[in-house]
Each structure stands twice: as C-alpha cells, then as structure tokens.
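Chain by chain, the residues:
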Amino acid sequence: MMNKLRLSSVFLLTLIFVAVMVLSGCSGGKSAAEVTPGTDNNSSKSGGSKDEQVTITYYTIDSEDRTFVEKLVPDFEKEHPNIKVKVDKAPYEQFDSKLQTLIAAGKSPDVTSHYGYGGFAEYYNKGMLLDLTDLIKEDGFSAEANNIPDNLIKIYTINDHVYGIPLNMYVTLMLYNKDMFDEAKLPYPTSDYEDKDWTFEKMVEYARPMTVISDDIAKTQYGLDFFWSERDNRPLYFGADPYSEDTWTNGGVPSETYFDTPEVMAAYNKLFDLIFKDKVSPTTEWSKSVAGQNGDPFVAGKIGMSVGGSWNLAGANDFPFNIGVAAVPWGGNDKVRSTLYVDPLFILKDSKHPKEAFEWIKYLIRADIQEKSIDLSGGNPPVNTEAAEVYYKHFEGIDPQDIKNVYEGAVKYGFESFNHLITNYSQINDMFINEMQPIETGHKTVEEVMPVIQKKVTDIIKR
Amino acid sequence: MNTVPVPKRRAAFSSSGSKRKASTTQIISFITLIITTFIMLLPLFFMVSTSLKSKREMLKFPPTFLPESWQWSNYTEIFDTLQFGTLYKNSLIIGVVTVFGTLISSALAAYGFSRYRGKGNQLWFMLLLATMMLPYPAIMIPQFIFFSKLNWIDTFLPLIVPSFFGSAYNIFLLRQFFSTLPEDLFDAGRIDGCGELRMWYKIALPLSGPALATVAIFAFIYSWNDLLAPVLYLSSTERFTLPVGMASLTSSRFRIPPWHLLMVASVLAMVPIVTLFAVAQKQFVEGIVLTGIK
C-alpha cells in the first residue's frame, strides 16, 4: 500500500539520520582526542622521553593582537619536535566563562594569561595557578638573561614563589593632538619624566585654551581627558593609596581600605573638578555620545591631551590628525605616576605537561620572538628590553626617542594596575562603576558616595 | 497565537482600503506610520552606510550620513580578515539542521501533549515548562562535561543534537496550536484508516503552517545568533560560527574595533534572517488558506 510505503520511508529517513549522527560522533571524537592533552595516555605525567609527543594548549583571546601566536607555532614545533601547541581561543566577553568551564570539565588549558575580566589575584586566590618556582630552578631560567626587569618579575611573585612570567608590558602615557596644540599656539608637552616643570597644574593650564564648549556639538572640544586606570586606582596618582600596604605582598587581600579618608576623597575631588569646576574635561555622557560605549573621544580628534594605556598607540597610524607622546605630569606622588599593565603567562594547576608548557613560555619571551611578535601583533609592547628598542620605532610619525623616554619613565614611576593585584576584582570593579556613576554625572558628591564605597569594598573583599 | 490574526487583519484592510476614500485620520495615521518607519529604519540605514565607509571615516565625529568615498572593497575584505565564507557556511549548516531537528521533535512532542489524555499528562507538561526557567549558564558546565565525555568537543554535534530532543518553548507553542485543530478532522482521518503518526504528518502538520513557520524562525534566529555555546564547544577556527567570528572583531581591549567591517558582517548576517522571514510570511497566509474548516 502507498500509505505503508510512505510511513516506512519516514522511518527509514529517521534511521539514516540517527546513523549519520552516530557516525559523525565517532569521527568527532577522534579530532577532539587529538587536541585534548588530558587524553594522552602517558604515565610519567610530563616530560618523559624525547620521543613521546605531547600536546599543550595555549588559551588566549580571539583577537588579531593575540591570535598572531598561531603563526609562531610551526617554528616552535620545529625546535621542539616532541611538543605540539594547540591554540584555543574565545572572545573577550566569554573568556572567563570558557576558562572556568574547561577547568571544571577537566580539560584545563596549560598556558594562559588573565586576558578576561579576572586578574592575577583572582586566579591565585582561586588556586588556579601552578607555582613556577621549582620549574624555574630546575630549568635554570633567569629573568636577567631574558632582559626582563627584575621589578616586573616581582609583580607576580608572592612570598618568593613565582606564579607568572611577564610577556607584554603596557604603561600609561599621554597622547596629545598636535593639530590642537598648534591651533592654540602651545608648546608640545615633554616626554621627560624628570622635567620638574611638567606638573598637573601646568597640564590643566595647557588644557584651558584648547577647550571649546559650544552648542554646536561638532565644534565642542576639550583640552584634557585624565580619567585613566581603574576607578579605585586613581587616587594613587595624587599620593593617596586606598589599600593597605600588605595587599601587595599577601596575594591581594587588603587588611584595610581607606576610601573614605580625607586624602582619598581630596584626590577624587581634584579629578572630578576637571569636569565640573575647571571644565577642561568632558563628562562621560559627552564622551559616549562622541565615541560610543567604550570608545575614546581622543580618536575622534576632540581631545587635546589624553592619558591612557599605551595600547592607544596601536591605532595611532589611523588617526586623522598628528599625535605626539608625553610624560604623565607630576601630581603629588613622588614614587608613582603611571599604571603598569604587565600581562604575564601562567601555567594552570591542572596542566598535565607543565615542563613543556614552560618551554612555550620561554620561547614567547625570547628576544628574537618578542621582536617578531611586535610586527605580527601590530604593536604589542614586549617585556624584553632588547626587543623594546624595536617597539619604540614601530609607530609612524612619532619620535622613537619620545616613546623610549615615556616607557622608561613610566616603568621607573610605575605601579601595576590594581585590577591584576586585588582579589575579587571583577566585583570590586562593577561596584565602582555603579556607585561612582552619580558623581560622574554630577548628581552626587564624592563625600556622599565614598563612605558607601568603603563599606561595599570591605564586604566584597571578605567574600 | 498572535501570529494567526495578522494576515486576516491585513486582508480586511487592503480590501476595504481600495474601495473607500481615505479619511483625514487615515492620512494622518499613514504619515505618522511613514515617519515612524523611517525612524525605525535609521539604524539599519546607518549600518549599511558605515559598512561602506573607510577606516578613517568611520572614526569621524560628527559621523557622516553617507560615505564620502564608497568603499565597496570592504565587502571583499571581510572574506580575507575573517574567513567569512567558512563562518557563514558553518552557521548555515548548524542553523538549518537545528531548524529541522526542532521542527520534528517539538511537533511530535507537542502533538502528543495536545492529543493524548494520559495519566500525569499535566504534570509532565508542567515539568517540561519548568525547564524553561533554567538559564543556560546554569546547565552550561554539566552539559559541557556530558558532551566532552561523548568526545563531541570541537564538533557541531553539541550545537545540533539537543535540538532533536525538543525545546520547551516551541513544544508549548505548538501544543497550543494543535489544541485548536478541530477534532472532526482527526475523526475523519481515523475512519479513513490513519494511524496516529500518519494523522500527525498528514493532518496536524499541514494545517499548522503558521505555527511551524514561527517555530522555524525562532529556532533559526536562536541558533544563528547563539554565541556562548559555540564559543564553549568549538575550538578550531575552521569550525567557528558567524557570531564567534564577529565577536573577535571587537575582542581586543587594545585596538579600535574595525566597525566598518563589523557592519559589513552584520549586513551579510542579516540576509538569511530577512529571507527566512519573507518566505515564512508567505507560509502564514497559506496556512490560513489550507485550514479548510472555519
């Protein structure tokens, strides 16, 4: 009968489909096993004989300035025939979720960095990181031999145990719009950190003639954007440290915080005065309307001087105006004027091949590879001081000597960004963004908000 | 079922509109509608316009309305920077199979829920609906562990196979629709010697065009836009889907995102959704015509 025929054909189709699914499942299994270090059936854990091939996974952000490492893999594998490197990646927003899922499922990557929202202290306090001290000793690795400044290694050392090897180093620098300076007939600011004349007050003075506030949004421009580094990090520039000293040695758990002290509040007031009193800096609403949610109005040519991370340099060749780099002026703190953003490489605790993973790390910080990485990444700043000489020359139209001055000064007067050093930082950061918003929009004063923040920070740290 | 009355209202409107002269209120409401349409279309227009701008022009403020120089090459550049063709193909494969899976499984389950009065029928249905309350991040890790035990990581299977096990929302939607089908049709089918399965695909399915089209659109859009699951399960670039590739364009904290290329990708990513909607809209009308009983 026709009916029966049709019915059976439906079942046949379903059967074929199930079979296809099962078959493709098998073939999928093979490829998954290839890339998963956990499924290697070596009994000696790591290292072992030279012939035994292991696969390590390097987990990174899926963006051009990170995934360029894929181009370095073939060369590395040629040098280390027993090691295969698999690069696994995720977009920035999903970086932490994927990492947590991988670890929970026992498929932990071997090498990664704090590329997502969480910072070093968070990883450390969650017990995710492998102590590299023994590996370093066994290998005879030395930071000096790799031209890594000693103070950078110390950032990721807790109680003499090393947990991360620096890979890239971003610093804080000032970018200025030469066209706007020329128009206001101002001299260009210095790149020399030792120049005693270059102070916060002088910078505000420069900003005034460049500021034009007009009803015509196309004409409005501001002299200065000074809202750099994470919100809790900002008082440090003016000489007020909001976290107790022990934070920097005990793995990022402050015993005390000082957000409601007169010094810290005075620092915030000085900063917000730039918007509301001196009126040389834009409000956040204006910045967002000009440059979008996470955009930078400096890029649109509407800001005379902008202090920020040195990653702003990477887009410099595309800016539709001339730029220069300058030192962050002195603002009341004789030791710290710049925030450092040193990205280290970690080996995760669940790595099955820590020795091979360490080989990969050593390879990535070698002078020649760091040099090569500058071009491949489109301007990632190397941690290796030898390679840094090449980095300083990478940007068109900017004097390499200026970049060198600014970098060396920033390292000398630098302090690592708090987001890498304090535990539960993603929660602290979210809280700061929410609580400070009324100050940024001019609806509340610093004095009203800071006691609330002080209480909330204490609660988050205790979690 | 809010999708059903739409074509009816439309049909009534066009037939009466052609006969009568438009009144002042009608004219005013049409003008308002036209203006609103333009406002609604503005972001879309801006997307297309930005997709044709140069890298320098996209950073300009105030932004230009139309590109100063039309960069048609952006539309070829995206294929070099992103392996756009591969991403597109992968997303299409996953999307189409997911729609197929969702339609078969959800329609079968919904048919069961609407036609059988078994013991605990309601309880099962409540349980099914309760699964809708679980957000994806809550089941993310256990599901990942499960699929990794099956060795399905870095394949399309974890993204496709779950759709063959029904989805609560779609089952609910179809069950409600199947419940409105007249019992007489099924009685007639039974007299003619139809089995249940045959009644399902000879009577229930052909009469459910609009509902099935809705489910198909929902399933496709969900799969087409899904980002978190592909990010978790896929690790080889050649298996990535469109949203994963597009997210990579804005992933660097250290670079200015290439908005113009992102807009190109968005324009191209919109094409299947718009096409699907156009095709499915026709289905809505056909579904009504085919019903037979009113």
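Residues numbered from 1 in each chain as written. Chains lettered and ligands numbered in written order. Predicted model: local features only at pLDDT ≥ 70, side-chain atom pairs only at ≥ 80, totals over all residues. Heavy atoms only, no water.

Let's shift gears to the interface of chain B and chain A. Contacts between chain B and chain A engage 42 residues on the former and 55 residues on the latter. Together chain B and chain A conceal approximately 4,200 Å² of surface at their shared face, both sides included; 64% is due to carbon and sulfur atoms. Summed over the shared surface of chain B and chain A, the number is eight residue pairs in polar contact (both at pLDDT 80 or more). Of all elements in the fold, only helix H3 (55-58), helix H7 (136-149), helix H8 (157-160), helix H11 (196-207), helix H13 (228-233) and helix H14 (242-249) of chain B reach the threshold of two or more residues within the side of chain B that touches chain A. Looking at the side of chain B that touches chain A, the element that brings in the most residues is H7 of chain B, giving five residues. (Contact = heavy atoms within 4.5 Å. Buried area = accessible area lost by both parts, 1.4 Å probe. Polar contact = N/O pair within 3.5 Å; in protein donor to acceptor, adjacent residues only side chain to side chain. Helix = DSSP H or I, 4+ residues; strand = E, 2+ residues; numbered from the N terminus.)

Turn by turn, an α-helix covers 3.6 residues, leaving residues three or four places apart pointing in a common direction. Residues and elements named next belong to chain A. Taking 1.5 Å of rise per residue, the 17 residues of helix H18 (residues 446-462) would be expected to cover 24 Å, and the 24 Å separating its terminal C-alpha atoms lies within 8% of that figure. Buried within H18 are the following residues: Val446, Val449, Met450, Ile453, Gln454, Val457, Ile460 and Ile461. Projection of H18 onto a plane perpendicular to its axis shows the buried side chains occupying an angular sector of 145 degrees, all on one side. Opposite its buried face, H18 presents the exposed residues Lys455 and Lys462, each directed more than 90 degrees away. Residues of H18 that are buried sit in contact with helix H10 (262-276) and helix H17 (425-440). (Expected span 1.5 Å × (residues − 1). Buried < 20%, exposed > 50% of the residue type's maximum accessible area, 1.4 Å probe, protein only. Arc of directions from axis to C-beta.)

What follows is about the packing of helix H13 (residues 367-377) of chain A against helix H14 (residues 385-392) of chain A. Residues and elements named next belong to chain A. The N-to-C vectors of H13 and H14 enclose an angle of 20 degrees; their axes lie 8 Å apart at closest approach. With respect to their mutual orientation, H13 and H14 come out roughly parallel. The crossing of H13 and H14 is right-handed. In this structure, H13 uses Ala367, Gln370, Glu371 and Ile374 to contact H14, whose residues at the interface are Glu386, Ala387, Val390 and Tyr391. A per-class count over the contact of H13 with H14 returns five nonpolar, one polar and two charged. (Axes fitted to C-alpha atoms, helices over the stretch in contact; angles between N-to-C directions. Parallel < 35°, antiparallel > 145°, perpendicular 65-115°, else oblique. Left-handed = near helix turned anticlockwise from the far one by under 90°. Nonpolar A, V, L, I, M, F, W, Y, C, P; charged D, E, K, R; others polar.)

Bringing the pattern of salt bridges into the picture now. This structure, assessed with the given rule, holds 24 salt bridges over all chains. With its nearest N and O atoms 3.2 Å apart, the salt bridge here joins Arg115 of chain B to Glu183 of chain B. Within this pair, whereas Arg115 of chain B is found in helix H5 (residues 84-115), its partner Glu183 of chain B is found in helix H10 (residues 183-191), the two being separated by 68 residues in sequence. Among the residues examined, Arg115 of chain B registers a relative accessible area of 17% and is labelled buried. Of the residues examined, Glu183 of chain B reaches a relative accessible area of 42% and is grouped as partly exposed. Here the salt bridges share partners, and the residues they tie into one network are Glu79, Arg366 and Asp368 of chain A. (Salt bridge = Lys/Arg side-chain N within 4 Å of Asp/Glu carboxyl O.)

Moving on, we come to the domain arrangement of chain A. Residues and elements named next belong to chain A. Taken domain by domain, chain A holds domain 1 (10-169 + 342-418) and domain 2 (172-338). Each side of the interface is counted separately: domain 1 has 24 residues, and domain 2 has 32 residues. Surface buried jointly by domain 1 and domain 2 totals about 2,200 Å² across both partners, of which 60% is contributed by carbon and sulfur atoms. Run the count over domain 1 and domain 2 and you get one salt bridge. Glu194 is paired through a salt bridge with Lys412; the nearest N and O atoms lie 3.0 Å apart. Where domain 1 meets domain 2, there are ten residue pairs in polar contact (both at pLDDT 80 or more). The set of elements that each furnish at least two residues to the side of domain 1 that touches domain 2 consists of helix H5 (120-125), helix H15 (400-412) and strand S12 (414-416). A per-element tally of the side of domain 1 that touches domain 2 places H15 first, with eight residues. (Domains from an automatic or database assignment.)

The subject of this paragraph is the packing of H10 of chain A against H18 of chain A. Residue and element names in this part refer to chain A. The contact between H10 and H18 brings their axes to 10 Å, and the two run at 130 degrees. Comparing the axis directions of H10 and H18 gives the class oblique. H18 is crossed by H10, and the crossing has right-handed handedness. Taken together, the residues of H18 that come into contact with H10 (itself represented by Met265, Tyr268, Asn269 and Phe272) are Val446, Glu447 and Met450. Taken together, the residues of the contact of H10 with H18 sort by class into five nonpolar, one polar and one charged.

Bringing the nonpolar core into the picture now. Of all hydrophobic cores here, the largest spans 183 residues; its most connected members are Ile165, Phe226, Met305 and Trp360 of chain A. It is H10 of chain A that provides the largest number of residues to this core, a total of eight residues. Three or more residues apiece are contributed to this core by two domains, here domain 1 (10-169 + 342-418) and domain 2 (172-338) of chain A. If you look at the next biggest cluster of nonpolar residues, it comprises 23 residues, including Tyr111, Leu174, Phe178 and Val215 of chain B. (Core = buried A, V, L, I, M, F, W, Y, C linked by side-chain atoms within 4.5 Å.)

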